[in-house]
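# What the coordinates show
Take a look at the letters that make up each chain.
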Amino acid sequence: MSMPHDVGYHAFPLAGVNAMSADTDRSFPRHTHDQFGIGVIDRGGHVSWSGRGEVRAAAGCLISVNPGEVHDGRPLARRKRAWRMLYLEPALVRDCYADIGEGKPLEFVSAYPVFVDRMVWRSFDELFAHAKKATPGLNVACETRLLALLAELQVYGALGTGPRTLRAAPAVDRALARIDADPGCAVTLAELA
């Protein structure tokens with residue numbers, strides 16, 4: 001399968017890490033990844049739907065996706081956007097957190113599908129830069145930068161432990177509030193809509 005010219009996959013010197021960059025106005029249908037995804041919007045804006053709700057990300061924002069999380073992606077205002085992603089194998093993330101001292105199940109926290117943090121962005125950028133310098137001698141540097149990125153994500157609160165809490169869309173919250181306000185009242189779908 002040939003890759004479109006506006007999406008690129010980069011060799012990475014650390015097993016369990018894949019790097020991708022895109023510069024496109026294409027929309028991507030709903031899909032999943034088996035890995036954790038952490039990325040940066042470099043230019044333009046991106047809108048996506050996921051199990052954590054609909055999110056909008058502008059240039060400078062970090063974006064995240066959990067393994068198996070259904071999501072899509074489309075340009076904001078139909079304009080080209082550029083972004084970079086790192087996909088991390090769950091076993092690698094677990095092993096790294098065992099080294100840090102946190103051996104619990106992890107996931108990106110529902111409240112942070114999009115966030116802005118200078119320290120996390122810098123750690124991401126340093127690790128991603130090694131994708132273009134894929135040589136066996138860089139493994140120690142990559143491992144160090146990966147641990148720094150994961151530690152920053154944990155300090156920020158974007159990557160944590162515990163059960164996933166899915167956030168409903170605001171319209172769903174309003175419909176549930178209407179039903180809860182008077183459970184005995186017959187409510188039509190049109191009224192809830």
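Residues numbered from 1 in each chain as written. Predicted model: local features only at pLDDT ≥ 70, side-chain atom pairs only at ≥ 80, totals over all residues. Heavy atoms only, no water.

Mapped onto the elements of the fold, Val65 is located in strand β7 (residues 62-65). Counting along the chain gives 48 residues from Val65 to Pro113, while the straight-line C-alpha distance between them is 6.8 Å. In this structure, Val65 is in contact with Gln35, Phe36, Gly37, Arg52, His71 and Phe108, ignoring residues within four places of it in sequence. (Helix = DSSP H or I, 4+ residues; strand = E, 2+ residues; numbered from the N terminus. Contact = heavy atoms within 4.5 Å.)

Further remarks concern unusual backbone geometry. Even without a glycine there, the phi angle at Ala77 is positive, about 60°. You can see Ala77 is positioned in the loop between β8 (71-75) and β9 (81-88).

A separate point is the packing of helix α2 (residues 118-129) against helix α3 (residues 139-156). At their nearest, the axes of α2 and α3 sit 9 Å apart, and the two run at 160° to each other. Considering their axes alone, α2 and α3 lie roughly antiparallel with respect to each other. At the point where α2 passes α3, the crossing takes the left-handed sense. Facing Met119, Val120, Ser123, Phe124, Glu126 and Leu127 of α2, the residues of α3 in contact are Cys142, Arg145, Leu146, Ala148, Leu149, Glu152, Leu153 and Tyr156. (Axes fitted to C-alpha atoms, helices over the stretch in contact; angles between N-to-C directions. Parallel < 35°, antiparallel > 145°, perpendicular 65-115°, else oblique. Left-handed = near helix turned anticlockwise from the far one by under 90°.)

Okay, the nonpolar core next. Judged by nonpolar contacts, the single largest core of 28 residues is most densely connected at Ile38, Leu86, Leu88, Leu146, Leu150, Leu153 and Leu159. Listed in part, the 10 residues of the second largest apolar core include Met20, Ala22, Ile41 and Trp83. (Core = buried A, V, L, I, M, F, W, Y, C linked by side-chain atoms within 4.5 Å. Buried < 20%, exposed > 50% of the residue type's maximum accessible area, 1.4 Å probe, protein only.)

The sheet contact formed by strand β5 (residues 45-50) and strand β6 (residues 53-58) spans six bridges and is antiparallel. Across the sheet, Val47 pairs through a bridge with Arg56, a residue of β6. (Pairing = 2+ DSSP bridges.)

All right, on to the sheet that holds strand β3 (residues 28-31) then. Read from one edge of the open sheet, four strands run β3-β8-β5-β6, paired in antiparallel fashion. Among the strands making up the open sheet, the edge pair consists of β3 and β6. Ignoring strand direction, the axes of neighbouring strands in this sheet form an average angle of 20°. Where β3 and β8 come together, two bridges link them in antiparallel fashion. Note that in β8 the partner of Phe28 across the bridge is Gly73.

Next up on the list: the sheet that holds strand β4 (residues 36-43). The sheet built from six strands is open, its strands ordered β1-β2-β9-β4-β7-β11 with antiparallel pairing. One side of each edge strand has no neighbouring strand; the edge strands of this open sheet are β1 (7-10) and β11 (114-115). Judged from the four bridges that link them, β4 and β7 form a sheet pairing that is antiparallel. Counted as the bridge partner of Gly37 is Val65 from β7. Its contacts with the sheet put α2 on β1, β2 (17-24), β4, β7, β9 and β11, and the angle it makes with β9 is roughly 80°.

A complete count under the given rule lists seven salt bridges for this structure. Notably, a salt bridge pairs Asp42 with Arg84, separated by 2.7 Å at the nearest N-O pair. Residue Asp42 is found in strand β4, and its partner Arg84 is found in strand β9; the two are separated by 42 residues along the sequence. (Salt bridge = Lys/Arg side-chain N within 4 Å of Asp/Glu carboxyl O.)

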